[in-house]
Amino acid sequence: MYYDRKSYEEHRDVWLWVAEKMAAFFRPKRKLDHIDHVAAQVDDITAAVAWYREHWKCEVEHSDATWAMLRFANTRLALVLPNQHPPHVAFLDEHPEKVGEPTVHRDGTSSVYIEDPWGNNLELLKRP
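Please read these numbers as outputs of a predicted model, since none were measured by experiment.

The subject of this paragraph is the overall build of the protein. Tallying secondary structure elements over the protein gives three helices and eight strands in all. What you see in the protein, going N to C, is helices and strands ordered as α-α-β-α-β-β-β-β-β-β-β. For the protein, the C-alpha atoms occupy an extent of roughly 75 × 40 × 30 Å along the three principal directions. Here the protein holds 128 residues, and 25% of them are scored as buried. Contacts spanning at least 24 positions in sequence make up 49% of the contacts within the protein whose residues lie at least 6 apart. Carbon and sulfur atoms make up 57% of the accessible area of the protein, which amounts to about 9,700 Å² in all.

Quick look at the structure:
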């Protein structure tokens, strides 16, 4: 179909929108990294699991006297005791050994803890 200049000017916004959508379709997609979980310190794992389950819809993946993992639709929340783990954000990482010696955990994962430049604790976590 042929469009003259007047038709183009009348529908310029539509043409620009179509052009942007077509360009976006052909642009390479950047693969994003995954946050595996966020860890919050609590004094009582059992009480904390009950409180979170009372207030939000989540599933318990693991729970014992020392830590728990709650699964939500978009991420997971680890509940940890202060003397065992710092509060942190855990990123999935295929090579945590690039920044230190990984610790192997009882669930088969391995990880290295680091700090970002602002003092936040980060866990680089590799799943088996």
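More follows now that the structure is in view.
Take the environment of Lys57 next. When you line up the elements, Lys57 lands in the loop between α3 (45–55) and β2 (59–63). When its relative accessible area of 83% is taken as the criterion, Lys57 is described as exposed. For the pair Lys57 and Asn83, spaced 26 residues apart in sequence, the C-alpha to C-alpha distance is 28 Å.

In this section: the nonpolar core. Among the nonpolar cores identified, the biggest contains eleven residues, and these are Val42, Ile45, Ala48, Val49, Tyr52, Cys58, Ala68, Leu70, Leu77, Leu79 and Leu81. When contributions to this core are tallied by element, the ones reaching two or more residues are α3, β3 (67–71) and β4 (76–80). It is α3 that provides the largest number of residues to this core, a total of four residues. When neighbours within four sequence positions are excluded, Leu70 is seen to be in contact with Val49, Tyr52, Cys58, Glu59, Val60, Thr75, Arg76, Leu77 and Leu79. If you look at the next biggest cluster of nonpolar residues, it comprises five residues, including Ala39, Trp67, Ala78 and Val80.

Turning next to the packing of aromatic side chains. One pass over the full model with this rule turns up three aromatic pairs. Both rings, one in Trp51 and one in Tyr52, keep their centres 5.0 Å apart while their planes meet at 85°; by these two values the pair is edge-to-face. These aromatic residues form a ring-pair network of at least three members: Trp51, Tyr52 and Trp56.

Pairing analysis gives four bridges linking strand β1 (residues 35–41) to strand β5 (residues 88–92), with the strands arranged antiparallel. Residue pairing in the sheet places Val38 in a bridge with Val89 of β5. Relative to β4, β1 runs parallel, the two sharing four bridges. Its bridge partner lying in β4, Ala40 is registered against Leu79.

Scoring rules and cut-offs
Residues numbered from 1 in each chain as written. Predicted model: local features only at pLDDT ≥ 70, side-chain atom pairs only at ≥ 80, totals over all residues. Heavy atoms only, no water. Helix = DSSP H or I, 4+ residues; strand = E, 2+ residues; numbered from the N terminus. Buried < 20%, exposed > 50% of the residue type's maximum accessible area, 1.4 Å probe, protein only. Contact = heavy atoms within 4.5 Å. Areas by Shrake-Rupley, 256 points an atom, 1.4 Å probe, with all protein chains shown as cover. Core = buried A, V, L, I, M, F, W, Y, C linked by side-chain atoms within 4.5 Å. Phe/Tyr/Trp six-rings, centres within 6.5 Å; stacked < 30°, edge-to-face > 60°. Pairing = 2+ DSSP bridges.

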